[in-house]
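Given next are the chains, with one letter for each unit.
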Amino acid sequence: MKNQTSEILYKEAVGILPGGVNSPVRAFRAVGRTPVFIEKAKGSRIYDVDGNEYIDYVCSWGPAILGHAQEAVIEAVNKAVRDGLTFGAPTKKEVILAELINQIMPSMEMVRLVSSGTEAVMSAIRTARGFTKKDMIIKFRGCYHGHSDGLLVKAGSGALTQAVPDSAGVPKSYTKNTLIAEYNDKSSVQQLFDEYKGKIAAVVVEPVAANMGVVLPEEDFLPFLRNITEENDALLIFDEVITGFRLGIGGAQDYYKIKPDLTTLGKIVGGGMPIGAYGGRKDIMQMVSPLGPVYQAGTLSGNPVATAAGIKTLEILNDNPQYYKEMEWKAMQLATAFTERNKDKKESIQVNRIGSLVCAFFTDHKVKDYNSAITSDTAKYSEYFGKMMDNGIYIAPSQFEAMFVSAAHTEADIKATCQVIKNI
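Residues numbered from 1 in each chain as written. Predicted model: local features only at pLDDT ≥ 70, side-chain atom pairs only at ≥ 80, totals over all residues. Heavy atoms only, no water.

### Details of the overall build of the chain
Operational definition: The secondary structure listing takes helices from DSSP runs of H or I that are at least 4 residues long and strands from runs of E that are at least 2 residues long, numbered from the N terminus. Think of it in three bands: residues with accessible area under 20% of the maximum for their type are buried, residues over 50% are exposed, and the middle band is partly exposed, with areas taken using a 1.4 Å probe on protein chains only. Residues count as neighbours in contact if any of their non-hydrogen atoms are within 4.5 Å of one another. Using a 1.4 Å probe, the Shrake-Rupley method yields the accessible areas, and only the shown protein chains count as cover for residues. His is not counted here, nor are the chain ends, while Lys and Arg score as positive and Asp and Glu score as negative. A charge is said to be at NZ when it belongs to Lys, at CZ for Arg, at CG for Asp and at CD for Glu.
The helix and strand tally for the chain stands at 13 helices and 16 strands. Counting only C-alpha atoms and orienting by the principal axes, one finds that the chain spans roughly 55 × 55 × 45 Å. Here the chain holds 424 residues, and 54% of them are scored as buried. For the chain, the share of sequence-separated contacts (at least 6 apart) that also reach a separation of at least 24 residues comes to 71%. Looking at the chain as shown, the accessible area adds up to about 18500 Å², and 50% of this sits on carbon and sulfur atoms. Between the centroid of the 46 positive side chains of the chain and the centroid of its 48 negative side chains there is a distance of 1 Å.

Okay, structure coming up:
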């Protein structure tokens, strides 16, 4: 693999961009490498500025579920662009996309389009607080919900400790109403509801955690969250920025048959274009301005280019349910390759997989929560990452991210990837 042009660009970038990047994980610092700069992508492949070709399992962190530059989506975007980029006014496409989302996820009885997943979660929490007239929320250690101030938090000395900021520049007062529980630990949630009885507005959760690596909910965990929120007049918010339209067309809520009060979605709603959405029960969403007192606005919300891409992406997914069976089969092959590597090399690898999401942890502990996830040997992951890249397989430059399989990955792609996984 050549990387001279990427290295030159990175040296130039560090002089003008913080860390040389516009999102921290792209810097490759967690894996001790220089980032590669991507020039183009098509189908299951991406190509860097040095002409290297990779089979891509990052898929723009999930939304490239149909593969890169899918012809029908690109055609819809090109048509929208010719009519204008943004108007700051209502368009028909906003209504069509919102209706599609509602049809696919019926729990989202009313929808508000925004510009990112971070904005969607931030706005959903504000709406939950406005509806319940309570201030506190519960989130789970290891679950990521965007970089808004009130959610950039970690646990203190224990699960019942009020959160402290996890980033410089976030005043402690911004996070004082964010409580931290342990994912898959029902008792930690129960204790918080007992401790702060009548004060908790909502529980926000990734129904399948995908930001500490992929961690599946235990069988009774999500039903428990649904029950305890109802018992305490609190709302259940599913952050489906990763799982939405990934575990199946109806997302995690359809997969697990749990109906949340509010749902947040990210860029997959726009087929990879900058967009997000939040929505839920009509009585809750009617609290949002201009109907109600919860203010939220955005000039680019529901912009015509992103909505065009989103409409076409969701139509294709809705019309091709076989894609989900095919992607799951492909993901199973990758998971099996890690298991075989584990046996052949006598390594300690734990593989978590659901739908088209796969994650290999370099640990001998079963990974079921944050504490077990961080036992993974990140040095071994870095070594594995480098060898995968050198063999033309593009994966996340962090142990604590997923591999994403797309409809564009071919059987040949999967076979080649499995051989690299087992042999490097």
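### Observations concerning the sheet that holds strand E15 (residues 393-394)
Definition in use: Paired strands are those between which DSSP finds at least two bridges.
The strand order E1-E2-E3-E15 describes an open sheet built from 4 strands, whose pairing is mixed. With one partner strand each, in any of the chains shown, strand E1 (38-42) and E15 form the two edges of the open sheet. Bridge analysis of strand E3 (residues 53-56) against E15 gives 2 bridges, and the strand direction is parallel. Within E15, the position partnered with Asp56 by the bridge is Tyr394.

### Description of the packing of aromatic side chains
Quick reminder of the rule: Working definition: rings of Phe, Tyr and Trp (its six-membered ring) pair if their centres are within 6.5 Å, and the pair is stacked with planes under 30 degrees apart, edge-to-face with planes over 60 apart, and tilted otherwise. We call a charge positioned over a ring when the NZ of a Lys or the CZ of an Arg lies within 6 Å of the ring centre and within 35 degrees of the ring normal.
In the structure shown here, the tally under the stated rule is 10 aromatic pairs. Centroid distance Phe28 to Phe385: 5.4 Å. Interplanar angle 85°. Geometry classified as edge-to-face. Here Phe28, found in the loop between helix H1 (4-13) and E1, pairs with Phe385, found in helix H12 (residues 378-390); they are 357 residues apart in sequence, far enough to count as distant. Across the pair, exposure class does not vary: Phe28 and Phe385 are buried alike. Lying across the ring of Tyr47, Lys40 places its NZ or CZ 5.5 Å from the centre.

### A short note on the pairing of strand E11 (residues 262-265)
Taking every second residue as pointing to the same face, both faces of E11 are buried, with Leu262 and Thr264 on one and Thr263 and Leu265 on the other. By the bridge criterion, 3 bridges tie strand E10 (residues 235-239) to E11 in an arrangement that is parallel. Along E11, the bridge assignment pairs Asp239 with Thr264. One ladder, built from 4 bridges, connects E11 with strand E12 (residues 276-280); its direction is antiparallel. Bridge assignment links Thr263 to a residue of E12, and that residue is Gly279.

### Regarding helix H4 (residues 117-132)
Cut-off, in case you're wondering: What a helix is expected to span follows from its residue count: subtract one and scale by 1.5 Å.
Taking 1.5 Å per residue, 16 residues should reach 22 Å; H4 reaches 23 Å between its end C-alpha atoms and fits that length. Residues Gly117, Thr118, Glu119, Ala120, Val121, Ser123, Ala124, Ile125, Thr127, Ala128 and Thr132 constitute the buried set of H4.

### Some words on the layout of surface pockets
Cut-off, in case you're wondering: Only protein atoms enter the 1 Å grid used here. Points where a 1.4 Å probe fits but cannot escape make up a cavity, open sets with protein on both sides within 12 Å along at least five of seven lines make up a pocket, and a residue lines them when an atom lies within 4 Å of a point. Grid points are joined across faces, edges and corners, and a volume is the space filled by probe spheres set on the points. All amino acids are sorted into three groups, where Ala, Val, Leu, Ile, Met, Phe, Trp, Tyr, Cys and Pro are nonpolar, Asp, Glu, Lys and Arg are charged, and the leftover types, Gly among them, are polar.
In this structure, the second largest pocket encloses a volume near 410 Å³. Every residue lining the second largest pocket is counted, 20 residues in all, and those nearest its centre are Glu94, Arg112, Leu113, Ser301 and Gly302. If you list the elements that add at least two residues to the lining of the second largest pocket, you get helix H3 (92-104) and strand E4 (110-114). Classifying every residue of the lining of the second largest pocket by side-chain character gives 9 nonpolar, 9 polar and 2 charged.

### Notes on the confidence of the model for the chain
Selection criterion: A residue's pLDDT is simply how confident the predictor is in it, with values from 0 to 100.
When the pLDDT values of the chain are averaged, the result is 94; 97% of them are 70 or greater. Scored below 50 in pLDDT, residues 155-163 makes 24 contacts in the model with residues more than four places away or belonging to other chains.

### Some words on the nonpolar core
Our working definition: Here, nonpolar core means buried Ala, Val, Leu, Ile, Met, Phe, Trp, Tyr and Cys residues that are tied together by side-chain atoms lying within 4.5 Å of each other.
Counting 60 residues, the largest nonpolar core has Tyr57, Ile101, Phe245, Tyr384 and Ile395 as its most contacted members. Once residues within four sequence positions are removed from consideration, Phe245 is found in contact with Ile65, Ile104, Met105, Gly251, Leu265, Ile268, Val269, Leu314, Leu317 and Tyr324. In terms of nonpolar packing, the next biggest core, distinct from the first, is built from 42 residues, Val189, Val203, Val214 and Ala402 among them.

### Digging into the side chain of Ser123
The condition is simple: Any N or O atom pair separated by 3.5 Å or less is treated as a polar contact, with the protein-specific requirement of one donor-capable and one acceptor-capable atom, and with residues adjacent in sequence counted only for side-chain atom pairs.
In this structure, Ser123 sits in helix H4. Only 2.7 Å separates the side chain of Ser123 from the backbone oxygen of Glu119, close enough to count as a polar contact. Setting aside chain neighbours within four positions, we find Ser123 in contact with Tyr278 and Gln296.

### Quick look at helix H13 (residues 411-423)
With 13 residues, H13 extends 18 Å between its outermost C-alpha atoms, agreeing within 8% with the 18 Å of an ideal straight helix rising 1.5 Å per residue. Where H13 is buried, its residues meet strand E2 (45-48), E3, helix H10 (322-345), H12 and E15.

### Considering the environment of Ile38
Along the chain, Ile38 turns up in strand E1. Overall, the relative accessible area of 39% leaves Ile38 in the partly exposed class. Residues Ile38 and Glu53 lie 15 residues apart in sequence; the distance between their C-alpha atoms is 9.8 Å. With near-sequence residues (within four places) excluded, Ile38 lies in contact with Ile46, Tyr47 and Asp48.

### Focus: the pattern of salt bridges
Heads up, the rule is: Basic side-chain nitrogens of Lys or Arg form a salt bridge, by our definition, when they fall within 4 Å of a carboxyl oxygen of Asp or Glu.
Taken as a whole and assessed by the stated rule, the structure comprises 16 salt bridges. Note that Glu315 and Lys312 form a salt bridge whose closest N and O atoms lie 3.5 Å from each other. Residue Glu315 and its partner Lys312 are located together in helix H9 (residues 304-319), separated by 3 residues, close to a single helical turn. Each of the salt bridges in this network shares a partner with another, and the network as a whole consists of Arg226, Glu230, Asp261, Arg281 and Asp283.

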